[in-house]
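# Geometric and topological summary
What follows is the residue order along each chain.
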Amino acid sequence: MYHEHFGFFTSPFSLSPHLQFLYRSSAFEETMAHLVYGIEGGEEIMLITGEIGTGKTLALKKLTNHISSSYSVALINITQVDFKELLKLFLVELGIEPQPGADRADLLIALQAHIARLAADGMRCLLIVDEAQNMNAEILEGVRLLANIGPADSQVLQIILSGQPGLRGRIDQPELLQLRQRIRVHYHLSALDETETRAYIDHRLKVAGASRQIFRGDAVSRVHQICGGIPRL
């Protein structure tokens with residue numbers, strides 16, 4: 001009844017990050033520009049931060065669709081794990097089945113062999129960690145060391161860390177100085193302003209099938225006031 005009344009063929013405000021509903025706000029475009037610049041420039045480690053619900057995961061999904069087929073990509077968002085488990089998740093995402101009973105060294109060797117094969121074929125590897133704010137200093141330092149894998153004359157393995165604003169504070173810890181020094185691309189995905197909130201709502205309604213304006217201007221202003229421009233809210 002709800003969909004029929006408003007002329008929708010799907011729910012316009014589902015919480016799942018569907019690319020079909022992607023709204024290209026100015027902050028989203030800046031995020032994509034920074035990521036593409038970092039990837040094409042061969043940067044070792046890139047950092048994207050933003051409040052919960054600002055669209056970081058959607059940006060990462062869009063990026064994986066954008067980059068060329070010359071990349072082998074692993075995107076994980078399970079980060080409350082130790083470094084060994086993180087390596088296993090990376091390998092599985094890259095299509096490599098870890099050997100039963102493999103220890104940390106075995107996993108690193110398997111990853112290094114994969115990187116070597118990619119380099120020989122003129123390809124690169126992109127490791128993306130979403131929800132990286134959950135990782136402690138030891139794991140973050142392990143991720144930094146992964147950037148050393150591969151030929152010395154080219155950056156075959158590149159890494160994107162994405163997480164909530166607290167991730168920046170975690171990386172600013174003194175013991176992670178070397179990691180911090182290797183991050184030359186960092187962008188903070190900000191919330192929408194009121195004009196963009198209005199455009200975001202209209203965009204999602206139209207994608208869902210709406211053929212008429214549903215919300216009054218004062219209603220949209222109130223929505224923006226309550227949600228603070230956070231798309232998920």
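Below, the structure is looked at part by part. (Residues numbered from 1 in each chain as written. Predicted model: local features only at pLDDT ≥ 70, side-chain atom pairs only at ≥ 80, totals over all residues. Heavy atoms only, no water.)

## Concerning the side chain of Glu43
Tracing the sequence through the fold places Glu43 in the loop between α2 (26-40) and β1 (45-50). Once residues lying within four places of it in the same chain are set aside, the contact partners of Glu43 are Gly38, Gln155, Gln158, Arg184 and Val185. (Helix = DSSP H or I, 4+ residues; strand = E, 2+ residues; numbered from the N terminus. Contact = heavy atoms within 4.5 Å.)

## Considering the packing of helix α4 (residues 83-93) against helix α6 (residues 137-146)
Relative orientation of the contacting elements α4 and α6 amounts to 45°, with a least axis distance of 10 Å. Considering their axes alone, α4 and α6 lie oblique with respect to each other. Crossing angle aside, the handedness with which α4 passes α6 is right-handed. Counted together, Phe83, Leu86, Leu87 and Phe90 of α4 and Ile139, Gly142, Val143 and Leu146 of α6 form the full contact between these two elements. Residue composition of the contact of α4 with α6, by class: seven nonpolar, one polar and no charged. (Axes fitted to C-alpha atoms, helices over the stretch in contact; angles between N-to-C directions. Parallel < 35°, antiparallel > 145°, perpendicular 65-115°, else oblique. Left-handed = near helix turned anticlockwise from the far one by under 90°. Nonpolar A, V, L, I, M, F, W, Y, C, P; charged D, E, K, R; others polar.)

## Describing the packing of α4 against helix α5 (residues 104-120)
Viewed as axis vectors pointing N to C, α4 and α5 meet at an angle of 30°, and their least axial separation amounts to 10 Å. Here α4 is positioned roughly parallel relative to α5, judged by the angle of their axes. Note on packing geometry: the crossing formed by α4 with α5 is left-handed. Packed against α4, whose contacting residues are Phe83, Lys84, Leu87, Lys88 and Leu91, the element α5 presents Arg104, Leu107, Leu108, Ala110 and Leu111 at the interface. Of the residues belonging to the contact of α4 with α5, the class tally is seven nonpolar, no polar and three charged.

## Things to note about the pairing of strand β4 (residues 157-163)
With seven of seven residues buried, β4 lies mostly within the body of the structure. Burial along β4 is two-sided: Leu157, Ile159, Leu161 and Gly163 facing one way and Gln158, Ile160 and Ser162 facing the other are all buried. Where β1 lies against β4, five bridges are found, and the strand directions are parallel. By the bridge assignment, Ile48 is partnered in β4 with Ser162. Across five bridges, the pairing between strand β3 (residues 124-129) and β4 is parallel. Of the residues in β4, the one forming a bridge with Cys125 is Leu157. (Buried < 20%, exposed > 50% of the residue type's maximum accessible area, 1.4 Å probe, protein only. Pairing = 2+ DSSP bridges.)

## Considerations on the nonpolar core
Counting 38 residues, the largest nonpolar core has Leu86, Leu127, Met135, Leu146 and Leu161 as the members making the most contacts within it. Those elements giving two or more residues to this core turn out to be β1, β2 (71-76), α4, α5, β3, α6, β4 and α7 (166-171). Not counting chain neighbours up to four residues away, the residues in contact with Met135 comprise Thr79, Leu86, Val129, Leu140, Val143, Leu161 and Arg170. In terms of nonpolar packing, the next biggest core, distinct from the first, is built from 21 residues, Ile39, Leu58, Tyr71 and Tyr187 among them. (Core = buried A, V, L, I, M, F, W, Y, C linked by side-chain atoms within 4.5 Å.)

So yeah, pure geometry; function would need other evidence.
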